[in-house]
Amino acid sequence: MLHPCQRCGACCATYRVAFHWMETMDDSGIGVPEALAETLDPHRLAMRGTNAKAPRCIALHGDIGIETACTIYARRPSPCRAVMASYEDGTVSPQCDKARLLHGLAPLTPADWVAQRAS
Ligand code: SF4
Ligand code: SF4
């Protein structure tokens, strides 16, 4: 069974994803690929597509609410790592709930994780 985030992707098409430029370290192979980021100010970059009126990260693949994937998952920036899915750790995530509601998806419930863990 897919992880609930793999059937969602809403937060990747809701928020501006901004981070310090030092998170792009192409040479190391672990940082955010520089070509996928744009400059916000002298210190910060944003994932391309997320600083738009209708945000959608350039690295997001798939259809929101059906099946999605982050194409740079291992190299995603710190704001992406900080967003928790509601009830993944037993608590509500306001960022998750807001993003899902904006995309017409019901907030996750504890039941979504019971099904996930049983699979
Ligand atoms: S954290 Fe929430 S909004 Fe983001 S992909 Fe996962 S379920 Fe969707
Ligand atoms: S880098 Fe990946 S996890 Fe972060 S917003 Fe883009 S698609 Fe989502």
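Residues numbered from 1 in each chain as written. Chains lettered and ligands numbered in written order. Predicted model: local features only at pLDDT ≥ 70, side-chain atom pairs only at ≥ 80, totals over all residues. Heavy atoms only, no water.

**Q** Whenever I open this one, the side chain of Asp97 confuses me. Can you help?
**A** Looking at the element boundaries, Asp97 is found in helix 2 (residues 94–102). Of the side chains with opposite charge, Arg100 comes closest to the buried, unpaired Asp97, at an N-O distance of 6.2 Å. (Helix = DSSP H or I, 4+ residues; strand = E, 2+ residues; numbered from the N terminus. Buried < 20%, exposed > 50% of the residue type's maximum accessible area, 1.4 Å probe, protein only. Lys, Arg positive; Asp, Glu negative; His and termini not counted. Salt bridge = Lys/Arg side-chain N within 4 Å of Asp/Glu carboxyl O.)

**Q** It is not clear to me how the packing of aromatic side chains should be interpreted in this structure. Could you clarify?
**A** Centre distance and the angle of the planes are the two values used to describe a pair of aromatic rings. Enumeration according to the criterion identifies zero aromatic pairs in this entry. Over the face of the ring belonging to Tyr73 we find Arg76, whose NZ or CZ atom lies 3.8 Å from the ring centre. (Phe/Tyr/Trp six-rings, centres within 6.5 Å; stacked < 30°, edge-to-face > 60°. Lys NZ or Arg CZ within 6 Å of the ring centre and 35° of its normal.)

**Q** Can you walk me through the sheet that holds strand 1 (residues 18–20) in this structure?
**A** The three strands lie next to each other as 1-3-2, forming an open sheet whose pairing is antiparallel. The sheet terminates laterally at strand 1 and strand 2 (37–39), the two strands that pair on one side only. Strand-to-strand, the axes of this sheet are offset by a mean angle of 40°, without reference to chain direction. Two strands pair when backbone bridges link them, and strand 1 and strand 3 (residues 44–47) are joined in this way by three bridges, in the antiparallel orientation. Along strand 3, the bridge assignment pairs Ala18 with Ala46. (Pairing = 2+ DSSP bridges. Axes fitted to C-alpha atoms, helices over the stretch in contact; angles between N-to-C directions.)

**Q** Sorry, what's going on with the pattern of salt bridges here?
**A** Between side chains of opposite charge, a pair can form as their charged atoms come close. Counted under the stated rule, the structure contains two salt bridges. Among the ionic pairs, Arg44 bridges to Asp41, the shortest N-O distance being 2.9 Å. For Arg44, a relative accessible area of 34% gives the class partly exposed. Residue class for Asp41 comes out partly exposed when judged on its relative accessible area of 25%.

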